[in-house]
Amino acid sequence: MRPVIPYVTAALLFGLGVYGVLRRRNAVLVLMAVELMLNAVNLILVTADTTARAVLPHSGQVFALFVIVLAAAEIGVGLAIVLQLYRLRTTVAVDDVPLTEPAVSASAVGQDVEAGR
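Remember, predicted model here, so these are calculated numbers, not experimental data. (Residues numbered from 1 in each chain as written. Predicted model: local features only at pLDDT ≥ 70, side-chain atom pairs only at ≥ 80, totals over all residues. Heavy atoms only, no water.)

Let's talk about the side chain of asparagine 42
Next up, step 1: Looking at the element boundaries, asparagine 42 is found in helix H2 (residues 27-51).
Next up, step 2: Contacts of asparagine 42, omitting those with residues within four sequence positions, involve Ala64, Val67 and Ile68. (Helix = DSSP H or I, 4+ residues; strand = E, 2+ residues; numbered from the N terminus. Contact = heavy atoms within 4.5 Å.)

This is the structure in structure tokens:
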């Protein structure tokens, strides 16, 4: 078997996934692009397992199974974070997510203390 076609296909899938991660603004589409990259890695692992003689039999398929399990866990946690973000901000645009907490002014802290909070 010539492994050129699966390797080129995996490279195209991975490149498409990288483009999706870097270009998309919607968090759900970014998660889909990450899944596309993980599936490209799975294709490479299975192709390498079938074409190369490994010391351990079916090691590429076992690693691909581990990648599938990690991808399922990643998508579960990622979707939970996206849903919570949507509940708080009513948007899933990645550009609108604040990376730092807002600064609390000294006057606001003083008002909270006076109010008994």
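The rest of the description comes next.
Structural notes on the pattern of salt bridges
Next up, step 1: This structure, assessed with the given rule, holds one salt bridge.
Next up, step 2: Residues arginine 25 and aspartate 95 are paired through a salt bridge, measuring 2.7 Å at the closest nitrogen-oxygen approach. With a gap of 70 residues between them, arginine 25 in the loop between helix H1 (4-23) and H2 and aspartate 95 in the loop between helix H3 (59-89) and helix H4 (106-114) connect regions that are remote in the sequence. Aspartate 95 shares its class with arginine 25; the two are exposed. (Salt bridge = Lys/Arg side-chain N within 4 Å of Asp/Glu carboxyl O. Buried < 20%, exposed > 50% of the residue type's maximum accessible area, 1.4 Å probe, protein only.)

What to know about the packing of H1 against H2
Two measures define how a pair of helices packs: the angle their axes make with one another and the distance between the axes.
Next up, step 1: Orientation of H1 relative to H2, taken along the N-to-C sense of each, is 160°, at an axis distance of 8 Å. With respect to their mutual orientation, H1 and H2 come out roughly antiparallel. As H1 runs across H2, the sense of the crossing is left-handed. On H2, the residues that touch Pro6, Tyr7, Thr9, Ala10, Leu13, Phe14, Leu16, Gly17, Val18, Gly20 and Val21 of H1 are Val30, Ala33, Val34, Leu36, Met37, Ala40, Val41, Leu43, Ile44, Thr47, Ala48 and Thr51.
Next up, step 2: In terms of residue class, the contact of H1 with H2 is built from 18 nonpolar, five polar and no charged. (Axes fitted to C-alpha atoms, helices over the stretch in contact; angles between N-to-C directions. Parallel < 35°, antiparallel > 145°, perpendicular 65-115°, else oblique. Left-handed = near helix turned anticlockwise from the far one by under 90°. Nonpolar A, V, L, I, M, F, W, Y, C, P; charged D, E, K, R; others polar.)

Here's the deal with the packing of H2 against H3
Next up, step 1: Where H2 meets H3, the closest approach of the two axes is 8 Å, and the angle between their N-to-C directions is 175°. What the angle tells us is that H2 and H3 run roughly antiparallel.
Next up, step 2: Across the contact of H2 with H3, the residue classes break down as 15 nonpolar, five polar and three charged.

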